[in-house]
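Summary of the model geometry
The residues making up each chain are set out below.
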Amino acid sequence: MSEHPVGHAEPYDAPREDPGPLALEHRVLKSLLGAWALAACAPAEADAVEEHLGSCGPCADEALRLRAAVGLLQRPESLDLDPGLRTRVLESCLERRPPRTPVPEWAAAYDAETARLDALLQDFGDSEWHAPVRLRWYESDEASSRRTTVAGVIAHLLTVDGLVAVALGLDDPLGDATAVRPTPWDRTEAYWRASRFPPTRSVRAPWRKQSHDLVRTVSFTDGGAGRRPVSYGDYELPLHDAMLDRAFECWVHAEDIAEAVDYPYDPPSGRHLHRIVDLAARMLPAVLEHRRLHGLASPVERRLVAAGEPGRSLRLEIEGSGGGEWLIPLDSPAAKGSAEHEVAHIALDGAEFCRLAAGHVPPREAAAGQVGDRDAIRDVLMAAASMSRM
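Residues numbered from 1 in each chain as written. Predicted model: local features only at pLDDT ≥ 70, side-chain atom pairs only at ≥ 80, totals over all residues. Heavy atoms only, no water.

**Quick notes on the pairing of strand 7 (residues 336-349)**
Here nine bridges tie strand 5 (residues 310-319) to strand 7, and the two strands are oriented parallel to one another. Paired with Glu-317 across the strands is Ala-347, a residue of strand 7. (Pairing = 2+ DSSP bridges. Helix = DSSP H or I, 4+ residues; strand = E, 2+ residues; numbered from the N terminus.)

**Notes on the packing of helix 8 (residues 150-167) against helix 10 (residues 204-220)**
Their axes nearest at 9 Å, the elements helix 8 and helix 10 cross at an angle of 30°. Classified by the interaxial angle, the pair formed by helix 8 and helix 10 is roughly parallel. Here the hand of the crossing between helix 8 and helix 10 comes out left-handed. Taken together, the residues of helix 10 that come into contact with helix 8 (itself represented by Ile-154, Leu-157, Leu-158, Asp-161, Gly-162, Val-164 and Ala-165) are Arg-204, Pro-206, Trp-207, Gln-210 and Leu-214. Considered class by class, the residues forming the contact of helix 8 with helix 10 number eight nonpolar, two polar and two charged. (Axes fitted to C-alpha atoms, helices over the stretch in contact; angles between N-to-C directions. Parallel < 35°, antiparallel > 145°, perpendicular 65-115°, else oblique. Left-handed = near helix turned anticlockwise from the far one by under 90°. Contact = heavy atoms within 4.5 Å. Nonpolar A, V, L, I, M, F, W, Y, C, P; charged D, E, K, R; others polar.)

**Considering the pattern of salt bridges**
In a structure, side chains of opposite charge can pair up when their charged atoms sit close to one another. Scanning the model with the defined rule gives 31 salt bridges in all. With a closest N to O distance of 3.3 Å, Asp-186 and Arg-181 form a salt bridge. Judged by relative accessible area, which is 40%, Arg-181 ranks as partly exposed. As a salt-bridge pair, Glu-325 and Arg-315 come within 2.7 Å of each other at their nearest N and O atoms. Here the residue Glu-325 occupies a position in strand 6 (residues 324-329), and Arg-315 occupies one in strand 5, the gap between them amounting to 10 residues. (Salt bridge = Lys/Arg side-chain N within 4 Å of Asp/Glu carboxyl O. Buried < 20%, exposed > 50% of the residue type's maximum accessible area, 1.4 Å probe, protein only.)

**A closer look at unusual backbone geometry**
One non-glycine residue with positive phi stands out, namely Ser-140, at about 55°. Here Ser-140 is to be found in the loop between strand 1 (132-139) and strand 2 (142-149). Classification of Ser-140 by relative accessible area gives exposed; the value is 63%. The phi angle at Asp-141 is positive, at roughly 65°, despite the residue not being glycine. Examined against the element boundaries, Asp-141 turns out to sit in the loop between strand 1 and strand 2.

**Remarks on the pairing of strand 6**
As paired elements, strand 5 and strand 6 share six bridges and run antiparallel to each other. From the neighbouring strand, Leu-314 faces strand 6, where its bridge partner is Ile-328. The hairpin turn running from strand 5 into strand 6, its antiparallel successor, is four residues long, and Gly-320 in that turn takes a positive phi close to 75°.

**Topic: the sheet that holds strand 6**
One open sheet accounts for four strands, arranged 6-5-7-8; its pairing is mixed. The sheet is open, and its two edges are formed by strand 6 and strand 8 (369-372), each paired on a single side. On average, adjacent strands in this sheet sit at an angle of 25° to one another, irrespective of strand direction. For strand 7 and strand 8, the ladder comprises four bridges, and the chain directions are antiparallel. Paired with Ala-344 across the bridge in strand 8 is Gly-372. Sheet strands in contact with helix 13 (residues 350-357) are strand 5 and strand 7, and its direction is about 95° off that of strand 7. Across the face of the sheet, helix 14 (residues 374-386) comes into contact with strand 5, strand 7 and strand 8 while running at roughly 65° to strand 7.

The structure is reproduced here in C-alpha cells:
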C-alpha cells in the first residue's frame, strides 16, 4: 500500500454544478423542433427544446404534428416472428453442437408446425378458446364445412395425429371412445361425442404432449421406420408421408384458428412448404385414377401405358416459397411424367396450391396461369381439391 507524503492532499474533484438546459433564443429552439422529432438533437439541445415546450403552446403544437409525421414515415414492425426463425436458430445451434438423436428430415416440418401452433395458443384466454371456427373441405366436388371452436380444432388434430401414434405403438388419444371407422372424420366425431362438455383449453396439453411423443419416437426409430404404414381407414400412407400430411393439416388449421381470432399467420418455411407440395404432387396421379374410376374425371381416349413408361403429362409449376416443377402423369399412376408428352401447364403460388389441396380455395379460382388441355387442367385442379378432408 502506498502512502502520501505529509503536506500533500489526495487529489480531489469538487462536484460540479449542473448548468441546466441551454439558454437558446425562441427562433433557435423552433428551428430545432424537426431534429428533436427525429431524435437527432444533441442531449443538451433536446433538454432545451423539451424545457421550452412546457411554456410555449405554438411550439408544443408544432412538436406534436412533427412527431406524428415521423410516425407515418416509419414502417410498423410486425410482432409475429418469422416462420423460418425457429429453423434458423436450431440449425445455428446444431452446427455448434449436433444432437445426439436428430429429428429425421421428414418429421422436421411436423415438429416446426406444431411448435408454431402451440406458440399461437399459449396466450389464448377463454374467449379465444371458444371462438367459432369453420372447418372447410371439398366432398363430392362440392364445398363442405363443419362448425366448431378453437378447442374443437385442437381436439380434431389430437385425434387424427393419433393415427400416427397408434401406428408407432403409442397410446390412442380416443381412449375408450369407439369410432365407427378408423377415419379422421369418424375418430374426430367419436372424440367430440365422448366429451361430456365441449372441448376447452385443457385439450392443449394432451395435444402438445402427443406431438412431442411422436417427434421423439420417430427420432429414435431405425432408418427404415419412415416406410412403416399408417392407416387412415380408407387408405394408407408411409410414416414419412403421414408426418408431412400431419404438418400440412396442422398449418392449415392453425390458419383457421388465426383467422377466427383475427391474427396473422404465415405459411411454413420454404423448405418445409416444398416437401408438403411434393407430397400432394406425388399423390395426384392415384387420386386422378380413383376419380376416373368413379366417373368424376373426364373420360379420355388413352393408349395403354406400361408401368414406368412416359405418358400424357401436366406440368405443375409452383412459384414463390417452396417452389419447383412436377410432371403429373394423367392416364395412369404407374406412368412416368414426361416433358415430351406434356399437354397442359398450370402455375400456382406454393401456399395457394396447398390451400387448394386443403379445400380452402375453389378449384376454378386457384391457378394463376393455365395453358393447354382444358379437361386435363380441370381434372388436376378438382383432384387436388378432392384430397381435402375435415
